[in-house]
Amino acid sequence: MTTWHEVIALDELEDEEPTPVRVGEENIALVRVDDEVFALKDMCTHEVAPLSDGYVEDCTLECTLHQGVFDLRTGKALKEPCTVDVKTFPARVVNGTVEIGVE
């Protein structure tokens, strides 16, 4: 069952700037693209590097360590050396606050 957690006000997220948050035991990278918010596990699947340090372009997130790229919407690994998808979490905005769903 998914439990929703309030994590940050939407207006605190800069557009296309990853922001690290923690929900329980999960480190999560939040990314706002226009009016949508995406939530991914804040760890590259190729090597130990936080994705919240990455670069956002065209709804993708590039890891700064080896330039692997992930789709923000699905977590799919799009560019080597990343070949394993990154975990995503449902995200929603309720009354101006971003909520993340964690099982």
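Residues numbered from 1 in each chain as written. Predicted model: local features only at pLDDT ≥ 70, side-chain atom pairs only at ≥ 80, totals over all residues. Heavy atoms only, no water.

Things to note about the nonpolar core
Val33, Phe38, Cys44, Leu51, Val56, Phe70 and Leu72 are the most contacted members of the largest nonpolar core, which has 16 residues in total. Contributing elements (two or more residues each) for this core: strand S3 (26–33) and strand S4 (36–41). Counting residues in hydrophobic clusters, the runner-up holds 13 residues, among them Leu10, Val23, Val37 and Val102. (Core = buried A, V, L, I, M, F, W, Y, C linked by side-chain atoms within 4.5 Å. Buried < 20%, exposed > 50% of the residue type's maximum accessible area, 1.4 Å probe, protein only. Helix = DSSP H or I, 4+ residues; strand = E, 2+ residues; numbered from the N terminus.)

With respect to the UniProt feature "domain: Rieske" (unreviewed entry) in the chain
When the UniProt feature table is mapped onto this chain, "domain: Rieske" (unreviewed entry) is found at residues 4–100. When the span residues 4–100 is considered, its composition is 0% helix and 48% strand, and the gap between its end C-alpha atoms is 5 Å. (UniProt positions renumbered as here; feature names shortened; annotations may be inferred.)

Examining the sheet that holds strand S2 (residues 19–23)
Within the open sheet, the four strands sit side by side as S2-S3-S4-S9. Their pairing is antiparallel. Two strands in the sheet have a free side with no partner beyond their single neighbour: S2 and strand S9 (88–89). Judged from the six bridges that link them, S3 and S4 form a sheet pairing that is antiparallel. Bridging across to S4, valine 31 finds its partner in phenylalanine 38. (Pairing = 2+ DSSP bridges.)

As for the side chain of aspartate 71
Position of aspartate 71 relative to the elements: it lies in strand S7 (residues 69–71). A polar contact is formed between the side chain of aspartate 71 and the backbone nitrogen of threonine 74, at a distance of 3.3 Å. Residues in contact with aspartate 71, not counting those within four places in the same chain, are Leu40, Cys59, Lys76 and Leu78. (Polar contact = N/O pair within 3.5 Å; in protein donor to acceptor, adjacent residues only side chain to side chain. Contact = heavy atoms within 4.5 Å.)

Quick look at the environment of threonine 74
With respect to the helices, strands and loops of the structure, threonine 74 is situated in the loop between S7 and strand S8 (77–79). Relative accessible area serves as the criterion here: at 48%, threonine 74 is assigned to the partly exposed category. Placed 35 residues apart in sequence, threonine 74 and alanine 39 show a C-alpha to C-alpha distance of 9.7 Å.

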